[in-house]
Amino acid sequence: MTVDLVARIQSGDVDAFETLYRQHSARIYTLASRMAGSAEDGEDLLQEIFLQAYRKVGSFKGDSALGTWLYRLALNHCLDFVRSRQAKMNKLTETLDAETSIEPTARRETPIARLDLERAVERLPEGCREAFVLHDVEGFDHKEVADLLGIAEGTSKSQVFKARLKLRGFLRGK
Amino acid sequence: MHPSDTALNDFIDGTLGAAERLEVEQHLAGCAVCRQTVDDLREILRAIGEAEPLDAPVRAWSRLERAIRMEREDVAVPGSHGIASRERQGDGGGRQRGSRQALSPWVPWLAAAAALVLAVAIGMRYVPARHVDVAETGAPAAAGEAALSVETELRQAEAHYENAIKGLEAIANSEQSELDPRTAATLQKNLAVIDQAISESRAAVRAQPASEPAQQSLIDGFKTKIGLLQDTVALINEMRKGNEAGAARIASGLKQKGT
C-alpha cells in the first residue's frame, strides 16, 4: 500500500478505494461470513465495513498499515454484529446445540472439501463458532479471544474445543 | 482410560505440560480411537488454515460503489437529509470528501437503488427467533409473549423487505429494455421461481407462525429476490458503462440463480 494510494483514498478517490477493496475484500468477506455464519450476512457486513472504512479513512493516521486498520475495523464490526444478534436472540448456546441437526457427511478418508468445511463452520452454534474463527482461523490466543468476545479465557478454550469436535462430527460423521 | 477432550485439544495445540503430553502420546500409541480423533482434528485445522479466502460476490463492489456515490451526492446537496445523512449521525468519522470523479448521468436512479440496498443491508437484519423453551423461561406466558414478539418482528421485517423489493422491481422493470431478451427471460423465470418459494414460505408461516424453518425460509426467499434484483440493477449499470466483462460476470451469476 503506497503512501500515494492512502492519500488518494483519503481525498475521496473512488478508484483508489476500489483498489483497497480488491486487495482486502476476500479476506474480510471470509472473516465476516464465518463470524456471522452465513454468506448473506457476510455480504451485508462486507458492505457495511467498507462503507464505514470509506467514511472513516480520513482519520487514519498511518500508525499501522492501512490493511491492519481495515482488519481491526472489520473485526470490531463483526463483533458488534455478533453481540447484537446474540442480545436479540437472548438465547444460550446450549439450547442451540440441540437444534443443530446437520446430516453428517459420510465417513471418509478423503481430504475435506472446501465447501463442506465452510458449510460446517456456518452450522456451528453461536458462541463456539466465533471463538473457533477467532482462535483457529484468525490466530488470536485464548486471552485475546476472551477479551474480544467478553467471555472468560476458560470459556474461550471450551468453546473452541467444542467447535472442533462438532466440526469433526459434521465432516467425519462422528 | 481415554484422555479427556480437553486434554486431546490441548495436545493438538501443544499446550500440555511435558508429563501430560507424554501420557497422551503413550495412550495414542495404543488407542486407535483417540488417534483417529487427533488425526481428524488436525486435518480440520489444516484444512481451515490452508483454505483460500472466499471471493466476495461480484455484485458486492457495485453495491458499495453505488452507496459511496450516493453518499457523495448526498454531501454535495446542501441540507440533504437522505439515508446517507442518517447513516452518518453519530459516526464521528472525519473523512475528507473529494469530488475528483464526475458523477455520471445514471446517478439519480442508482442513488435510489443504493438507498434501497443500504436499507436492506443495514436496517433489516431480521434474525428468526429460535424455539423458546418454556422450561428456560420458567413460565408458559413468557413463551407466549416471545412468540407474539417474534410474529410482530417478522411482520415488520416482511414489510421492509417487500418495500425494498417493490422499489428495486420498479427500477429493474423500467430499465429492463437494456437487457438482451435471453437474459431478461432468464431473469423473469428465476423471479417466478423465487416468488413461488416466497409464496409457499408465507403460507407456511401463516399456518405455523412460530416455526423457525418457515420463518427462515421466508426471509431467505426475500433475501434471494433482493439479491437477484440487485444483480439486475448492477448488470444494467455495467452495460450502460460499456463494461462488457463486468456485465458478463453478473449475467453469468444471474443465470445460475434460481436453478
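Check the entry above for the structure.
In this convention, every chain numbers its residues from 1, walking through the sequence in written order. For this description, chains carry letters from A and ligands carry numbers from 1, given in the order in which they are written. Owing to the predicted nature of the model, reporting of local features is limited to residues with pLDDT of at least 70; listing and counting of side-chain atom pairs is limited to 80 or more, with chain, interface and lining totals taken over all residues.

### Side note on helix α2 (residues 14-36) of chain A
Residue and element names in this part refer to chain A. Using the following cut-off: A run of H or I in DSSP becomes a helix once it reaches four residues, and a run of E becomes a strand once it reaches two; helices and strands are each numbered from the N terminus. Any helix carries an expected span of 1.5 Å times its number of residues minus one. To obtain the bend at a residue, axes are fitted to the seven residues ending there and to the seven starting there, and the angle between these axes is taken.
Across its 23 residues, α2 extends only 28 Å between first and last C-alpha, which sits more than 12% below the 33 Å expected from 1.5 Å per residue. The principal kink in α2, of about 55°, is found at histidine 24. At the exit of α2 stands glycine 37, carrying a positive phi of roughly 85°.

### Section: the packing of α2(A) against helix α3 (residues 39-56) of chain A
All names here are of chain A. To be explicit about the condition: In this analysis an axis means a line fitted to C-alpha atoms, helices contributing only their contacting stretch, and an angle means the value between N-to-C directions, from 0 to 180 degrees. The labels follow the angle: roughly parallel below 35 degrees, roughly antiparallel above 145, roughly perpendicular from 65 to 115, and oblique for the rest. Crossings are classed by handedness, with left-handed meaning an anticlockwise turn of the near helix from the far one by less than a right angle and right-handed meaning a clockwise turn. Throughout, a pair of residues is in contact if the C-beta atoms placed from their backbones lie within 7 Å. Each residue is assigned to one class: nonpolar for Ala, Val, Leu, Ile, Met, Phe, Trp, Tyr, Cys and Pro, charged for Asp, Glu, Lys and Arg, and polar for all the others, Gly among them.
For the pair α2 and α3, interaxial distance at closest approach is 8 Å and the crossing angle is 140°. On the basis of their axis angle, the class for α2 and α3 is oblique. Once α2 is placed against α3, the crossing between them reads as right-handed. Contacts from Phe17, Tyr21, Ser25, Ile28, Tyr29, Ala32, Ser33 and Ala36 in α2 reach Ala39, Asp41, Gly42, Leu45, Leu46, Ile49, Phe50 and Tyr54 in α3. Taken together, the residues of the contact of α2 with α3 sort by class into twelve nonpolar, three polar and one charged.

### Brief notes about helix α1 (residues 5-13) of chain B
Put simply, the test is: Using C-beta atoms placed from the backbone, we call a residue buried if 20 or more other C-beta atoms fall within 10 Å of its own, exposed if 12 or fewer do, and partly exposed for counts in between. By arc we mean the arc of the directions from the helix axis to the C-beta atoms, nothing more.
Within α1(B), burial applies to Leu8(B), Asn9(B) and Phe11(B). Within α1(B), the buried residues cover an arc of 155° as seen down the axis, which keeps them to one side. Check the buried side of α1(B) and you find it contacts α9 (153-172) of chain A together with α2 (18-30) and α3 (32-50) of chain B. One or two steps after α1(B), the chain reaches Gly14(B), where phi turns positive at roughly 70°.

### Examining the packing of helix α1 (residues 3-10) of chain A against α2(A)
Residues and elements named next belong to chain A. Relative orientation of the contacting elements α1 and α2 amounts to 120°, with a least axis distance of 7 Å. In terms of orientation, α1 and α2 fall into the oblique class. Every pair of crossing elements has a handedness; the one defined by α1 and α2 is left-handed. Here Leu5, Arg8 and Ile9 of α1 come into contact with α2, specifically with Ala16, Phe17, Thr19 and Leu20. Counted by class, the contact of α1 with α2 contains five nonpolar, one polar and one charged residues.

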